[in-house]
Every structure is written in C-alpha cells, then in structure tokens.
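Examining the three-dimensional arrangement
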Amino acid sequence: MKKEQTIPVYNQRRLFLLLLFVVAIALLMWRALDLQVINRDFLKNQGEARYLRVVKIPAHRGMIMDRHGDALAISTPVESVWVNPVDLVGQPDVLPRLAKILNIKLDQLKQVLASRMNKEFVYLKRRVNPDIAKKVLDLQAEGVFTQREFRRYYPAGEVAAHVIGFTNIDDKGQEGVELAYNDWLRGSSGKKRVIKDRLGRIVGDVENIKASRSGRDLYLSIDRRIQYLAYRELKKAVKYHRARSGSAVLLDVNTGEILAVVNQPSYNPNNRRGLSSSRYRNRAVTDVFEPGSTMKPFTIATALESKKYTPSTIINTAPGRMKVGRNTIHDHSNYGKIDVTHVITKSSNVGASKISLSLDAEKIWGLFTRVGFGTATASGFPGESSGLLSHYSRWHDIERATLSYGYGLSVTPLQLAHAYSVIAANGISRPVSFIRQDSPVKGERAISAKVTRQLRKMMKTVVSAEGTGLKASVHGYQVAGKTGTIHKSTSGGYADDRYIAVFAGMAPASNPRLVLVVMINEPRGDDYYGGLVAAPVFSKVMSGALRLMDVPPDNLPVIQTKLNGRGGRS
Amino acid sequence: MKVAILMSVLFIAVLGSAVAVVYSKHESRKLFVQLQGLEREKDRMDIEWGRMQLEQSTWATHAKIEKIASTRLEMQIPGADSVVIIRP
C-alpha cells in the first residue's frame, strides 16, 4: 500500500462549482423575492380572478295584495338560461337536445351562437319554468348556465290590470301601482363572493359583500271581489251598448279608499304581446270628460250655502230654454215653475243656469275647487290628470251658466267620485288613496254639513219614478245620485250623436258609506241617457258592493226584537 | 431546562392549533354543504309556494266560484222578499 498517494487538488474547480451554487441560490432567492414580495399583489389578484367570482343574489319583489290580503301580483322564481358560446360550440351533440328542451329551432340556436362567438354571456331563453331549467342543467353540458330571476304574475288578470300596472323584463315597474310604488316593492339584490370550479359550479362561499333585501309587500285599498263585480258589470254594459270605453270608480266614504277602479277596454297583464299602449291607460284616472249634469249638485250646494236659496225656492224654467248672450240653453222639455229640488230631480239646465247667474262667481269657483275640481287627487297615480277648471276671473255669463250644468270644465271619473264623496261624508273632503288605510283619515271641511244633508235629500229624488235615475235604485237601500248625459265636444262644437252617459251616486243615502261613479263613453246602441246606460250598472255594482261590505240596509222594514243578553241562544 | 419546557409547550400549542385549523376547516366545509342543501330546499319551496299561489288564485277566480255556487251548489242571493232586518 502506498501511503503517499497524491490527491489532486482542484481548487479552481471547487471554487467554480461553489460560485455556481451561490449564483443559483441567489437566483432562486431573487425569484422567490420577486414572486412573494415584489409581485405578490399582482399575482394574488390574477390567481383569484381565475376562481373567485362575485355573483348576484337576486331579490324578491314585494307582493301586491288587496285589502283582505288576496294576491294581485306575485313574483315567482324562474330561471334564465345563458350560455358561453365558445364552450358550447365544441359539443355538437348537445345542441339538438338543448334546442328541444328550450323549444327553439336548431338552426336558430346555431345562428345565435355563431353571431355571438365573441361574447362570453348570451341569454338563450329568459324566464323559463324551473323544471325546464333543471332539464337543461341535467344535460351536464359545458358552458350552459342558469340564472335565477323572478317573473311577475297577476292572478286577477285583466280585472285589476289598470290599477296594478306591470313590470318590465328587468322587474321594474312600468305602469300603475307597480310604477308608483316601485321603490317600496323593489328589493335590492345582494352580492357575494364565491369560488367556482372550471365548469362554473359554485364550490365555496367566501364572503357576503352585500345581503339581499326582499321588497316589501303592499296592501292596496282595492277589494278584489268588488273589483271583479264592477269589472264584470261594466264590461257587460260597454259591450251591450257598443260603447267606445267606460270607467267606474268606487270609494269608501269614511276613509277615501278606492275600493274598485275598472276600465274598458282592458288587457291581460300576463300576456301583453301585441297590445297598443292605449289599453294600458287607467282611464278613470288619466282621461278627462265634461261632467255634464253630474255637476249640478255642486252648483246647488253653492246656492244653498249662499242662503239665497232653500230646497223649496221656486224657479221659473219656462219655456224650457233661455238665452245667455248669443247662446241658448235648452232643457229636455218645458218644466215650468219648479223648486230647487226639482232642478236636480228633472236635471233642468235652465234652472241650474238661472241659479248660477244669480250667484257670486268666486263662491262657485271656491266650492268647485274645495271639492277637488281642477286639481289632481292625492292618489299619486302615475299619469293622473288634474282636469281643467278655469279661474273665475275669466268667466263670462255664458261660462258661469254652462259650468252650472257641467260644460266648460273637465274632470276625471276619480275626481268626480271624490267630489261626490264630499257630499256623502257630510261635507268633509278626504284624500283618496289606492293604499289600504289602517287608521282614521283626517279630512277638511269643504261644504257645510247641513247643505250636504239637503243635497242628499234632493239627490234621492233622482232615483225615483219621478227622476231621471230610477234604474240606479238598489233594493233595500236608499240611493242618492245624479245622472248625466253629455254631448261630446269635438273640434268645432258639440256632436249631436256622440254622448257620454254618467251616473254618480252614493248609498245608503241616510248615512252614505259608498260612492260610485259609472261613466260610459259613446254608447252606440239605442240608449244613450245616463239614466238608461250608466244607472243600471250603478245599481248592480252598488248592491253587490253594499252586500260585500256588510252595510246594513236602510230601506227595509225592521223587526224590533229584544234579544236576551244573558247567554240566551237565539 | 426552562427553554426546553417552553419549547415543548409551544410545540404542543402549534400542533394543537394545526389540528384545530384542520378541524374548523372541515367543519366549515360540512356547514357549507349543509347551507347549499338548505338553499336548494328554500329554492324548491319558493318555487312550490309560487306555484301554489298561482293554483290557489286559479281556483279562487270569481267567475269559477260564481259558476260553481250557482250551478253545482244551487246557491243564490236571497231575494228581496226573503230578507228581514233584525235590530236588537
């Protein structure tokens, strides 16, 4: 064994290798520093962007219900199917099945995908039933997703369509109460951050960014049963008389709540395809007409308040016509000498004009304004018209005369109903409302209580064999009201053969609870008088409404009984 | 010596917290699965509730009730002569 063996020393190599290692370590450290410290935020964001997603939590829109809690508008969950075209076109076998489930033509589907290849989000079909959406997801196809949305459904259909209105595809109110109370009904959708896998399925919740808040429910003042009744009767009458349109408004006298508003023509809010917007109008609120003879009670009210007249003051209406300036005012026939009550009973234009001309224009204007003519009601309904009542300083004799029997001003059926509710409520004017009122509603005095009692007594004579509105009578109840038959104004004067038939009234007359206005526009049948066209509708709707509202009859023989109060069973 | 005790205590603490992390992560996964299940159930119930509302309103259509009342049940609004008002 040779002890002395020379071990070669490669110092140079060793150093070189060491240096190489040092450089490698330095490089690694630098890279680590680069990734972990310098570019940390950028890289983290990029990573998260590949699996973290913010998704919307859709919010439920509040329900609309009638005064008893029956649903008038409901949001039901539905799914919208959307796809990522790039992912989908790679699976040709899926397309036919997808098209079949969604009931789309295959060619059409292919065309849609082809034209949107540069997009990542394409709706295939919005608002499909949840079971169809489930079938779509069961295909397990890549790039096909569903998104929760809500569809608005209106169980009452065309009956309450005008009051409730509707929402658009993005759940925003477009008409009616849906529009007026959109902020109240609308929920606010929330946001949450989730982890999604490659197929877009949610595999983890990370955080709630914003909680979703459901919309609040809304209770309307409408009574669905009465609404239906009114709608049915109005529709029948409009059809029978071949009228152009019609409206009816029913008010609760004690609270100013609107119990029913119906219009013809109507529409089905659940399927609005191909309908013109003229059908969407809530004519009872947006359309004005000249109220005609239904204004006379307010003229008489001014007369009675002036103390110049009492219900029995005699007025000479002979010979049934009267010249004011260059115009002539006509009565239906020559009524001769009649008292103020009979001006209402017979609906004498000459009588009303004579009374009006003897009164202070400012007083007439004041009373008309106090009962709400010329200003929009407090209903807050979108598109409400305020009607038209010119200032008394611009009235000449002829205006003062024609205004007394309801020409030269325009009102909405809702305004007219509100004005009649003032007479019904002993002279108190309460704001009308589409929303259920749970506490007593305060009002302001517009006419003295004594005058309204006298007026109601006069208006009761209208609904009698002697008056113009016998057909408005309701069995078991006393009815006070007024008919109106209005010549429609056209360009260049008043048409001879186009009319508006109106009946406005209240029941029970001894202590009114309900006010109803029925307006039928351009009846083209044989009858056109308010007392023949509108009054029968009034009778039917009012009798049903009184029954449904549990209003005790005031015109039936009463049997006085003594009930044993001490636990005796009757 | 003291240092050794301290170190072992810290070591056990680290071990304990590691197990706790694993456990809580597991628990949170379990809860997440449960949450998803409940959300699905809520969805299902929401959908069913909506359907029932619609069904109810279809059955409660006034025209339908009116027809059944008058034809099948032979109900009618009492006539004028058969109404008597009784006041205590």
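Residues numbered from 1 in each chain as written. Chains lettered and ligands numbered in written order. Predicted model: local features only at pLDDT ≥ 70, side-chain atom pairs only at ≥ 80, totals over all residues. Heavy atoms only, no water.

All names here are of chain A. Mapping His-418 onto the fold places it in helix H17 (residues 413-424). Taking relative accessible area as the criterion, His-418 reaches 9% and is therefore assigned buried. Not counting the four nearest positions on each side in its chain, His-418 is found in contact with Leu-251, Val-371, Gly-372, Ser-429, Arg-430 and Val-432. (Helix = DSSP H or I, 4+ residues; strand = E, 2+ residues; numbered from the N terminus. Buried < 20%, exposed > 50% of the residue type's maximum accessible area, 1.4 Å probe, protein only. Contact = heavy atoms within 4.5 Å.)

Another point: unusual backbone geometry. Excluding glycine, most residues fall at negative phi; most peptide bonds, likewise, are trans. Residues and elements named next belong to chain A. Looking along the chain, the bond that leaves Gln-264 and enters Pro-265 is cis, with omega of -5°. Relative to the elements of secondary structure, Pro-265 occurs in the loop between strand S10 (258-264) and helix H11 (283-286). Backbone torsion omega between Ala-318 and Pro-319 reads 0°, so that peptide bond is classified as cis. Mapped onto the elements of the fold, Pro-319 is located in the loop between strand S11 (314-316) and strand S12 (321-324). Even without being a glycine, Asp-171 presents a positive backbone phi close to 65°. Mapping Asp-171 onto the fold places it in the loop between helix H7 (161-164) and helix H8 (176-180). At Ser-347, a residue that is not glycine, the phi angle is positive and equals roughly 60°. Relative to the elements of secondary structure, Ser-347 occurs in the loop between helix H13 (340-346) and helix H14 (349-357). With a relative accessible area of 14%, Ser-347 lands in the buried category.

Once that is clear, we can look at the sheet that holds strand S9 (residues 245-252) of chain A. Residues and elements named next belong to chain A. Reading across the sheet, the five strands line up as S10-S9-S19-S18-S17 and stay open at both edges, with antiparallel pairing between neighbours. Sheet topology places S10 and strand S17 (480-490) at the edges, where each strand pairs with a single neighbour. Between one strand and the next, the sheet's axes are offset by a mean angle of 10°, whatever the strand orientation. Bridge analysis of strand S18 (residues 493-507) against strand S19 (residues 514-521) gives eight bridges, and the strand direction is antiparallel. Following the sheet pairing, Ala-501 is matched in S19 by Ile-520. Across the face of the sheet, helix H19 (residues 530-548) comes into contact with S9, S17, S18 and S19 while running at roughly 25° to S18. (Pairing = 2+ DSSP bridges. Axes fitted to C-alpha atoms, helices over the stretch in contact; angles between N-to-C directions.)

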